[in-house]
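# Understanding the architecture of this molecule
Spelled out, the chains give:
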Amino acid sequence: MSKERILIGLGIIGYIGAVFFVISLARVSPAQEPAKYVPAPPTKLLCFNSKTEELRESDSNLGCTTEEASLGGAPIEHGDVRPNGLNPTFAIRFQAAQAAAKKLGYRLQITSGFRSQNLQARLFADAVKKYGSEEEASKWVLPRDISHHPWGTAIDVNYPGDKVAVKWLEENGSTFGICRVYENEWWHFEPVIAPGGTCPKMAANALSSLESSPTGAEDLN
Ligand SMILES: [Zn+2]
């Protein structure tokens, strides 16, 4: 066989191979099922209209209307950047709780919410003078880098006034994702759960809450 014939033969074999390869691709492709769209299972979502003070149940697929604000579906965490006000979703949660309390004749007011780091530092310095040591002071006021007030995720309610209304918030706040977190501070609340969740066991005080979190305890030194 001449060299040319061998080359032509190889060319034909290659050509036939390529044709079969393309045909096989064409046959496989239609056989592959297109990915089916499976919507995520809806989770409960609470929507609050601050004008009408109505709280409504929706779900995560439907969301809230433009007149409403969502209470969010998870515990509210700190952002990466220091805010300059109360966390907006936390504010909505409190407004919804406040409106529900009002219908029952309870008055809830934030007496201290967002604090700048400078204000928190001043309050801590005052507490150190009052209680005699940083450790004692930290049971009541945390240093500026640790306190959740400068993160906009802590509020003091009705302090030092109406305790009865605040007891209602302690017992019903979980519906709105708001929990009392310290045994020694009846007035201090944080958005540590999703609305409708269960509030965690309270820490004895702010200092003991840090001792259970290793990074927090280091920061205190
Ligand atoms: Zn507080």
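Cut-offs used in this document
- Residues numbered from 1 in each chain as written.
- Predicted model: local features only at pLDDT ≥ 70, side-chain atom pairs only at ≥ 80, totals over all residues.
- Heavy atoms only, no water.
- Phe/Tyr/Trp six-rings, centres within 6.5 Å; stacked < 30°, edge-to-face > 60°.
- Buried < 20%, exposed > 50% of the residue type's maximum accessible area, 1.4 Å probe, protein only.
- Helix = DSSP H or I, 4+ residues; strand = E, 2+ residues; numbered from the N terminus.
- Donors = N, O, S within 2.8 Å, 3.2 Å for Na, K, Ca; no water.
- Pairing = 2+ DSSP bridges.
- Contact = heavy atoms within 4.5 Å.
- Axes fitted to C-alpha atoms, helices over the stretch in contact; angles between N-to-C directions.
- Core = buried A, V, L, I, M, F, W, Y, C linked by side-chain atoms within 4.5 Å.

A full pass over the atoms with the stated rule returns six aromatic pairs. Ring centres of Y131 and W140 lie 6.1 Å apart, and the angle between their planes is 10°; this geometry places the pair in the stacked category. Looking at W140, the relative accessible area reads 33%, which means it is partly exposed. With a centroid separation of 4.3 Å and 50° between ring planes, the pair formed by Y159 and W187 is classed as tilted. With a gap of 28 residues between them, Y159 in the loop between β5 (155-157) and α5 (163-172) and W187 in the loop between β6 (179-180) and β7 (188-190) connect regions that are remote in the sequence. Residue class for W187 comes out buried when judged on its relative accessible area of 11%. Three or more aromatic residues joined by ring pairs form one cluster here, namely Y106, W168 and F176.

Moving on, we come to the coordination of the zinc ion. For the zinc ion, the protein coordination sphere consists of H149 (NE2), D156 (OD) and H188 (ND1), at 2.1 Å. Motif for the zinc ion, donor spacing along one chain: H-x6-D-x31-H. With D156 in strand β5 and H188 in strand β7, this pair connects stretches of sequence that are 32 residues apart. Like H188, D156 is buried.

Mapped onto the secondary structure, S133 falls in the loop between α3 (117-131) and α4 (134-137). Looking at S133, the relative accessible area reads 28%, which means it is partly exposed.

What follows concerns the pairing of strand β2 (residues 54-59). Along any regular strand, the residues point their side chains to alternate faces of the sheet. Two strands pair when backbone bridges link them, and strand β1 (residues 44-49) and β2 are joined in this way by six bridges, in the antiparallel orientation. Across the sheet, residue L45 finds its bridge partner in β2, namely S58.

Buried residues dominate β1, accounting for five of its six residues. Here β1 folds back onto β2 in antiparallel fashion, the turn holding four residues, of which E53 has a positive phi close to 60°. Across two bridges, the pairing between β1 and strand β3 (residues 69-70) is antiparallel. Paired with F48 across the two strands is A69, which belongs to β3.

What follows concerns the sheet that holds β5. A sheet is described by the order of its strands in space; here four strands give the open sequence β4-β5-β7-β6, paired in antiparallel fashion. Taken across any chain shown, the strands that pair with only one partner, and hence form the sheet edges, are β4 (110-112) and β6. The pairing of β5 with β7 spans two bridges and is antiparallel. Within β7, the residue paired with I155 across the bridge is F189. Sheet strands touched by helix α2 (residues 88-103): β4, β5 and β7. Its angle to β5, the strand with the most contacts, is close to 15°. Relative to β7, α5 is tilted by about 25°, and along the sheet it contacts β5, β6 and β7.

Among the nonpolar cores identified, the biggest contains 23 residues, and L71, L108, V157, L169, F176, I178 and F189 are the most heavily contacted of them. Within the residue set of this core, elements represented by two or more residues are β1, α2, β5 and α5. Ranked by residue count, the leading element in this core is α2, at seven residues. With sequence-adjacent residues up to four places away left out, V157 is seen in contact with F94, L108, Q109, T111, V166, L169, W186, W187 and F189. Listed in part, the nine residues of the second largest apolar core include L142, I146, Y182 and A206.

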